[in-house]
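# Remarks on the overall topology
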Amino acid sequence: MFTHTIKVEIQFGDCDPAGIVYYPNYFRFFDNATAAMLSAAFAMHKRNWLDHYGIAGIPMVDTGARFIKPSSFGDVVEISSEITELGRSSFGVKHSLLRDGDLAIEAHEKRVWVVRDDNGGIRSAALPDEVRKLLGAQ
Ligand SMILES: CC(C)(COP(=O)(O)OP(=O)(O)OC[C@H]1O[C@@H](n2cnc3c(N)ncnc32)[C@H](O)[C@@H]1OP(=O)(O)O)[C@@H](O)C(=O)NCCC(=O)NCCSC(=O)c1ccc(O)cc1
């Protein structure tokens, strides 16, 4: 399945008064990591693949994380993301965040491929074959 890695430099403003990353910020990093993974798979920016595939987004329906080691201002961490499963409209993602080569966080996500419905809301749509092929590859 498709995998992708990004580097993130921890900023002063990412941290709590104890000087370690405040946990909601990790979920922002992971959201960016998923967007970056799909942008790499589709060879275009999220701004463009939303339009290209005519979708409203890839909302989260399930997520969680296991925090093993803290990170601090100035650390450069690596987030390796991989597609773990492809459903009809949903897909799973696993993120491994490494600091100094050691596993610091393991997180999982389930996302859904959604389009706008007639009432201005959103509804799931089947993953297109092309997307299934691109995310399944590698
Ligand atoms: C996404 C939904 C519209 C899907 O609803 P429906 O259209 O009725 O579809 P379904 O109920 O059939 O679910 C679709 C699939 O998701 C799966 N699903 C739905 N809910 C869940 C949960 N909670 N857990 C696991 N799997 C789920 C379901 O099993 C289906 O899987 P497939 O067999 O692969 O198709 C609805 O579940 C919903 O609105 N959920 C709330 C989403 C939400 O508020 N998320 C948090 C904020 S959005 C967000 O963070 C975001 C990030 C990035 C973006 O680009 C956009 C938005």
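Nothing here was measured: the structure is a model prediction, and the numbers come from that model.

### Observations regarding the packing of aromatic side chains
Taken as a whole and judged by the stated rule, the model has ten aromatic pairs. Ring centres of phenylalanine 42 and tyrosine 53 lie 5.1 Å apart, and the angle between their planes is 65 degrees; on these two criteria the pair is classed as edge-to-face. Here the residue phenylalanine 42 occupies a position in helix 1 (residues 23-42), and tyrosine 53 occupies one in helix 2 (residues 46-53), the gap between them amounting to eleven residues. In terms of burial, phenylalanine 42 and tyrosine 53 fall into one category: buried. Put simply, the rings of Tyr22, Tyr23, Phe27 and Phe30 pair up and form one aromatic cluster.

### Considering the pattern of salt bridges
Across all of its chains, the model carries nine salt bridges by this definition. Its salt-bridge partner being glutamate 78, residue lysine 7 comes within 3.7 Å of it at the nearest N-O pair. Of this pair, lysine 7 sits in strand 1 (residues 3-9) while glutamate 78 sits in strand 3 (residues 76-86); the two residues are 71 residues apart in sequence, bridging distant segments of the chain. On the basis of relative accessibility, which here comes to 61%, the residue lysine 7 falls in the exposed class.

### Focus on unusual backbone geometry
Glycine aside, residues mostly have negative phi angles, and peptide bonds mostly take the trans form. One non-glycine residue, alanine 43, adopts positive backbone phi at about 55 degrees. Within the element layout of this structure, alanine 43 appears in the loop between helix 1 and helix 2. Although it is not a glycine, aspartate 100 adopts a positive phi angle of roughly 50 degrees. Here aspartate 100 is to be found in the loop between strand 4 (90-99) and strand 5 (102-112).

### As for the side chain of arginine 99
Along the chain, arginine 99 turns up in strand 4. At 2.8 Å, the side chain of arginine 99 forms a polar contact with the backbone oxygen of proline 70. Ignoring any residue separated from it by four or fewer positions in sequence, one finds arginine 99 in contact with Lys69, Pro70, Ser71, Asp75, Val77 and Ala104.

### A closer look at the packing of helix 1 against helix 3 (residues 129-136)
Orientation of helix 1 relative to helix 3, taken along the N-to-C sense of each, is 105 degrees, at an axis distance of 9 Å. As summarised for this structure, helix 1 and helix 3 are arranged roughly perpendicular, according to the angle between their axes. In this structure, helix 1 uses Leu38, Ala41 and Phe42 to contact helix 3, whose residues at the interface are Val131, Leu134 and Leu135. Split into classes, the residues belonging to the contact of helix 1 with helix 3 amount to six nonpolar, no polar and no charged.

Conventions and cut-offs
Residues numbered from 1 in each chain as written. Predicted model: local features only at pLDDT ≥ 70, side-chain atom pairs only at ≥ 80, totals over all residues. Heavy atoms only, no water. Phe/Tyr/Trp six-rings, centres within 6.5 Å; stacked < 30°, edge-to-face > 60°. Helix = DSSP H or I, 4+ residues; strand = E, 2+ residues; numbered from the N terminus. Buried < 20%, exposed > 50% of the residue type's maximum accessible area, 1.4 Å probe, protein only. Salt bridge = Lys/Arg side-chain N within 4 Å of Asp/Glu carboxyl O. Polar contact = N/O pair within 3.5 Å; in protein donor to acceptor, adjacent residues only side chain to side chain. Contact = heavy atoms within 4.5 Å. Axes fitted to C-alpha atoms, helices over the stretch in contact; angles between N-to-C directions. Parallel < 35°, antiparallel > 145°, perpendicular 65-115°, else oblique. Nonpolar A, V, L, I, M, F, W, Y, C, P; charged D, E, K, R; others polar.

Everything listed here is a matter of geometry and, on its own, says nothing about what the molecule does.
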